[in-house]
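This is what each chain is made of:
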Amino acid sequence: MLASILKRIAQAIFVMACMTVIVFIGMNLIGNPIDLLISPQATQAERDRLIVEFGLDQPVWTQYLRFLQGLLHLDLGTSYIFNEPALKVIMQRFPATFELAVMATLLSILIGIPLGLYAGLRPYSPLSRLIMTGSILGFSLPTFWVGMMFILVFSVNLGWLPSSGRGETATFLGAQWSFLTLDGLTHMFLPALNLALFKASLILRLTRAGVAEVLPQDYVRLAHAKGLSPRRVVVVHVLKNVMIPVVTVVGLEFGSVIAFSVVTETIFAWPGMGKLIIDSINNLDRPIIVAYLMIIVLLFVSINLLVDILYTLLDPRVRFATARAS
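These numbers were taken from a predicted model, which means no experiment stands behind them.

### Some details on the packing of helix α6 (residues 126-140) against helix α8 (residues 182-214)
Geometry of a packed helix pair, given as the angle between the helix axes and the separation of the axes. Where α6 meets α8, the axes come as close as 8 Å, and the angle between the chain directions of the two elements is 140°. Comparing the axis directions of α6 and α8 gives the class oblique. Crossing angle aside, the handedness with which α6 passes α8 is left-handed. On α8, the residues that touch I131, M132, S135, I136, G138 and F139 of α6 are L197, F198, S201, L202, L204, R205 and R208. Across the contact of α6 with α8, the residue classes break down as eight nonpolar, three polar and two charged.

Listed below in structure tokens is the structure:
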């Protein structure tokens, strides 16, 4: 098992190294930030001074080596717009996006697994058919439209929940968090639910399909024949096996929630990384864009590594296969 984990870590480092090349070259192919930052009336001398100041007069490979050197020291450059370290600017926004993603993931699990389990155990009941129909709506409805409907119904018409902002925050581990205050939780609920709907539908259908596949298995029939209670059979023998692919999907989707929460953050004016990356792309703020992409890559690689380890712990077949291979 240790060999398997070390192999996964080596693969993760290789992927990160490849992504530094792809991200850096990609950023150098999308235009010249000097054209956006400097006034059209600026002289050529001022333009040359700014190019030298940003190090854009150096060959690409020299810029890449400097980028790698800075990356090893957690220095991803200085933002052209904020004139602050890019990593600092992003980390100031990261708690807002992270807590929103965690809340959305928890909601999707709390909604998707129980409903999927019920739909799998009673596939022909009217409620199960209604649940599966609702899951199609969760897949089909655009996120921006659902977000605007949430605001219209729950904020404008009913006045139950706020429509924008983070609300009151509290300090924990040196960062501001909304989930520590009731006002912050009320501000977070609608954007988190908006993000969770698609993921909940995915988990629901995955759980339902897993239950339908596991129920006819011999070990489930044997558990029933041994006189175990239906609840114990479901929890111990059905749900445990169904959770293996669900854990994989939840882990991968958690990274996508953080990376692609741009639309929801924009609709609900949630001050996270999504709004920051949109502004940075418009201003061609390369250090912010590169730092954001590298953080997202690191996040996905870390989550995949964690999921692989959990997968190994949950499924004995993976452990046996790894042991035989080594």
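### Some thoughts on the pattern of salt bridges
Tallied over the entire structure, the rule returns one salt bridge. With its nearest N and O atoms 2.6 Å apart, the salt bridge here joins E99 to R166. Taken together, the residues E99 in helix α5 (residues 86-121) and R166 in the loop between α7 (143-157) and β1 (170-172) connect sequence positions 67 residues apart. Given a relative accessible area of 13%, R166 falls into the buried group.

### Brief notes about the packing of aromatic side chains
How two aromatic rings sit relative to each other is set out by the distance from centre to centre and by the angle between their planes. One pass over the full model with this rule turns up four aromatic pairs. Taking the centre distance of 5.5 Å and the plane angle of 25° together, the rings of F94 and F98 count as stacked. Taken together, the residues F94 and F98, both in helix α5 and four residues apart, mark about one turn of the helix. By relative accessible area, F98 is classed as partly exposed at 29%. With 5.9 Å between their ring centres and 65° between their planes, F150 and F154 make a pair best called edge-to-face. On the criterion of helical spacing, the pair formed by F150 and F154 is a turn pair, its members being four residues apart in helix α7. An aromatic cluster of three or more residues is present, and its members are F150, F154 and W160.

### Topic: the UniProt feature "transmembrane region" (unreviewed entry) in the protein
The sites that carry the UniProt feature "transmembrane region" (unreviewed entry) are, in the present numbering, residues 12-30, 100-118, 130-156, 176-198, 242-269 and 289-314. Across residues 100-118, the secondary structure splits into 100% helix and 0% strand, with the terminal C-alpha atoms separated by 27 Å. Taken end to end, residues 242-269 has its terminal C-alpha atoms 37 Å apart, with 86% of it in helix and 0% in strand.

### So, the packing of α5 against α6
Running from N to C, α5 and α6 point in directions that differ by 130°, and their axes come no closer than 9 Å. What the angle tells us is that α5 and α6 run oblique. As α5 packs across α6, the resulting crossing turns out to be left-handed. In contact with L115, Y118 and A119 of α5, α6 contributes L127, S128, I131 and M132. Among the residues making up the contact of α5 with α6, the classes are represented as six nonpolar, one polar and no charged.

### Here we look at the UniProt feature "domain: ABC transmembrane type-1" (unreviewed entry) in the protein
Here, UniProt's "domain: ABC transmembrane type-1" (unreviewed entry) annotation points to residues 94-307. From the first C-alpha to the last, residues 94-307 spans 22 Å; its make-up is 79% helix and 3% strand.

### What about the environment of V233?
Note that V233 resides in helix α10 (residues 230-259). V233 gets classed as buried once you look at its relative accessible area, which sits at 1%. In the structure, V233 is positioned 156 residues away from G77 in sequence and 55 Å away in space, judged by C-alpha atoms. Dropping the residues within four chain positions of it, V233 is found in contact with V220, A223, H224, L228 and V238.

### Comments concerning α5
The end-to-end C-alpha distance of α5 is 50 Å, a good match for the 52 Å that 36 residues give at a rise of 1.5 Å each. Along its length, α5 reaches its greatest deviation from straightness, about 40°, at F94, and the proline P95 lies no more than four positions downstream.

### Looking at the domain arrangement of the protein
For the protein, the assigned domains are domain 1 (16-86) and domain 2 (93-322). Inter-centroid distance (C-alpha atoms) of domain 1 to domain 2 is 36 Å. Taken together, the 22 residues of domain 1 in the interface contact 17 residues of domain 2. Interface of domain 1 and domain 2: buried area, both sides summed, is about 1,800 Å²; carbon and sulfur atoms make up 79% of it. On the surface where domain 1 and domain 2 come into contact, there are zero salt bridges. Here domain 1 and domain 2 share two residue pairs in polar contact (both at pLDDT 80 or more) between them.

### Observations regarding the nonpolar core
Core analysis: the biggest nonpolar cluster contains 51 residues, and F67, I90 and I258 have the highest contact counts within it. Among the secondary structure elements, those contributing two or more residues to this core are α1 (2-27), α4 (60-72), α5, α7, α8, α10, α12 (273-283) and α13 (286-314). Among the elements that make up this core, the one with the highest residue count is α13 (13 residues). Residue contributions to this core reach at least three from each of two domains, namely domain 1 (16-86) and domain 2 (93-322). Look past the residues within four positions of I90 in its chain and what remains in contact with it is M273, L276, I288, A291, Y292 and I295. Counting residues in each nonpolar core, the second largest holds 13 residues, with L117, V211, V220 and V233 among its members.

Reading the values: the criteria
- Residues numbered from 1 in each chain as written.
- Predicted model: local features only at pLDDT ≥ 70, side-chain atom pairs only at ≥ 80, totals over all residues.
- Heavy atoms only, no water.
- Axes fitted to C-alpha atoms, helices over the stretch in contact; angles between N-to-C directions.
- Helix = DSSP H or I, 4+ residues; strand = E, 2+ residues; numbered from the N terminus.
- Parallel < 35°, antiparallel > 145°, perpendicular 65-115°, else oblique.
- Left-handed = near helix turned anticlockwise from the far one by under 90°.
- Contact = heavy atoms within 4.5 Å.
- Nonpolar A, V, L, I, M, F, W, Y, C, P; charged D, E, K, R; others polar.
- Salt bridge = Lys/Arg side-chain N within 4 Å of Asp/Glu carboxyl O.
- Buried < 20%, exposed > 50% of the residue type's maximum accessible area, 1.4 Å probe, protein only.
- Phe/Tyr/Trp six-rings, centres within 6.5 Å; stacked < 30°, edge-to-face > 60°.
- UniProt positions renumbered as here; feature names shortened; annotations may be inferred.
- Expected span 1.5 Å × (residues − 1).
- Bend = angle between axes of the 7 residues up to and from the residue.
- Domains from an automatic or database assignment.
- Buried area = accessible area lost by both parts, 1.4 Å probe.
- Polar contact = N/O pair within 3.5 Å; in protein donor to acceptor, adjacent residues only side chain to side chain.
- Core = buried A, V, L, I, M, F, W, Y, C linked by side-chain atoms within 4.5 Å.

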